[in-house]
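Understanding the architecture of this molecule
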Amino acid sequence: MIMVQTGQASLPSATPVRRRATTRRRAGLAGYLFVSGYAILLLVFGIFPTVYAFFLALTNDRGQFTGLNQFIKVAGDYRFAPAFLNISLYLVMWLVSLVVLTVLVAVVLRSRMRPRLSAIFRFLYYLPGALAGVASVLVWLFMLDPSVSPVSWFLQSLGFTNFAEVLSPGDLPVIFVLIAFWTGAGGWIVVMYGALNNIPDEVLEAARMDGAGPWKSAWHIQIPMIRKWIAYMAILAFAAGTQLFVEPQMLQTASLGRLSPTWSPNQLAYVYAFQHGDFNGAAAISIFLLALGLICAGLLVTRSDLFKVDES
């Protein structure tokens, strides 16, 4: 009788186990379905084009394998080195200004302002990012023309009397940094503010009890604790910066050809592909940009422990 009761009691216990296993399988299937859309898009618009670019860069226009000849050809072009020097200077200025100013503004909004006032400023900072790239360039074309700009007095005080003087080659990196910061920094300020909100209040309170003021707390506690977010921002900003094309192309058109049509590597690749009909050379330039981005991203990831899992 005891054995029968034990057997009867054990039968219902198997049902919850099966239900839990079924729930786990369904959850796993839902996860795969959830990421499948991104995986398909990554393959179609990321992996396959990259593989095809490698194929083009290693062959000629007849499909014959040429090894590194395409890379040697574009690297020997007299426009190649200036284009990469221009983009390097722009990237240094852009990343330094982005990291320093966005983190500084986020810390001030988080620590020194009331929540409602901080929300207003964050919304205002984010607004320029709603403009598309071409629209933002058009706005800046208007702002940089001393004859129509609402800040023409400021431009004239700097010695600029006409649009051509503003677009001098030496000032172009600064102009592109201003455009990029105006359109992209607001979104990153919001992200950095959210990262700062994840810092436990107990940690900041303990720092205050130890005598740390707002700036010491920011430098020694808040910024180190959002280091991964800063590295994430720098990686994406670097990747976007290497693809600079719309801004110099629009300014080159607006200046009636005063600017170089190959100021950035992307412009040089465009000239190779659509003016010279040399898609193999354009693919080689794109591979150079890909290698540059991967190297710098790898350095940032390893230095910041971006993918390190914190063990509790």
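Before going into details, it helps to say that this report is about the structure given with it. (Residues numbered from 1 in each chain as written. Predicted model: local features only at pLDDT ≥ 70, side-chain atom pairs only at ≥ 80, totals over all residues. Heavy atoms only, no water.)

When you go through the protein residue by residue, the secondary structure sums to 14 helices and 0 strands. In the protein, the succession of α and β elements from N to C terminus is α-α-α-α-α-α-α-α-α-α-α-α-α-α. Burial analysis of the protein (312 residues in total) assigns 35% to the buried set. Taking as baseline every contact in the protein between residues at least 6 positions apart, the subset at least 24 positions apart corresponds to 66%. (Helix = DSSP H or I, 4+ residues; strand = E, 2+ residues; numbered from the N terminus. Buried < 20%, exposed > 50% of the residue type's maximum accessible area, 1.4 Å probe, protein only. Contact = heavy atoms within 4.5 Å.)

Counted according to the given criterion, the structure contains 14 aromatic pairs. Geometrically, the ring pair formed by Phe80 and Phe84 is tilted, given 4.5 Å between the ring centres and 40° between the ring planes. Here Phe84 and Phe80 lie together in helix α3 (residues 80-111), a separation of 4 residues that amounts to about one turn. Of the two residues, Phe80 and Phe84, both sit in the buried class. Summarising the aromatic geometry, the rings of Phe274 and Phe279 are spaced 5.9 Å apart at their centres and angled 85° between planes, so their arrangement reads as edge-to-face. Given a relative accessible area of 58%, Phe274 falls into the exposed group. Counting every residue linked through ring pairs, the aromatic cluster contains Phe71, Phe80, Phe84 and Phe288. Between Arg122 and the ring centre of Tyr193, over which it is positioned, the NZ or CZ distance is 3.9 Å. (Phe/Tyr/Trp six-rings, centres within 6.5 Å; stacked < 30°, edge-to-face > 60°. Lys NZ or Arg CZ within 6 Å of the ring centre and 35° of its normal.)

This brings us to the packing of helix α13 (residues 265-274) against helix α14 (residues 279-304). Look at α13 against α14: their axes get within 7 Å of each other, and the N-to-C directions meet at 160°. Viewed along their axes, α13 and α14 adopt a mutual orientation that is roughly antiparallel. Viewed along their axes, α13 and α14 form a crossing whose handedness is left-handed. Residues Pro265, Asn266, Leu268, Ala269, Tyr272, Ala273 and Phe274 of α13 lie in contact with α14, whose contacting residues are Phe279, Gly281, Ala282, Ile285 and Leu289. Split into classes, the residues belonging to the contact of α13 with α14 amount to 10 nonpolar, 2 polar and no charged. (Axes fitted to C-alpha atoms, helices over the stretch in contact; angles between N-to-C directions. Parallel < 35°, antiparallel > 145°, perpendicular 65-115°, else oblique. Left-handed = near helix turned anticlockwise from the far one by under 90°. Nonpolar A, V, L, I, M, F, W, Y, C, P; charged D, E, K, R; others polar.)

Turning to the layout of surface pockets, a few remarks are in order. A volume near 760 Å³ is recorded for the largest pocket. Along its surface, the largest pocket is lined by 29 residues, and Thr50, Gln243, Ser286, Leu289 and Leu290 are the ones closest to its centre. When contributions to the lining of the largest pocket are tallied by element, the ones reaching two or more residues are α1 (2-57), α11 (227-242), α13 and α14. Sort the elements by how many residues they give to the lining of the largest pocket and α14 lands first, with 11 residues. Its residues assigned to classes, the lining of the largest pocket comprises 22 nonpolar, 7 polar and no charged. (1 Å grid on protein atoms, 1.4 Å probe; cavity = no way out; pocket = protein on both sides within 12 Å on 5 of 7 lines; lining within 4 Å. Points joined across faces, edges and corners; volume = space filled by probe spheres on them.)

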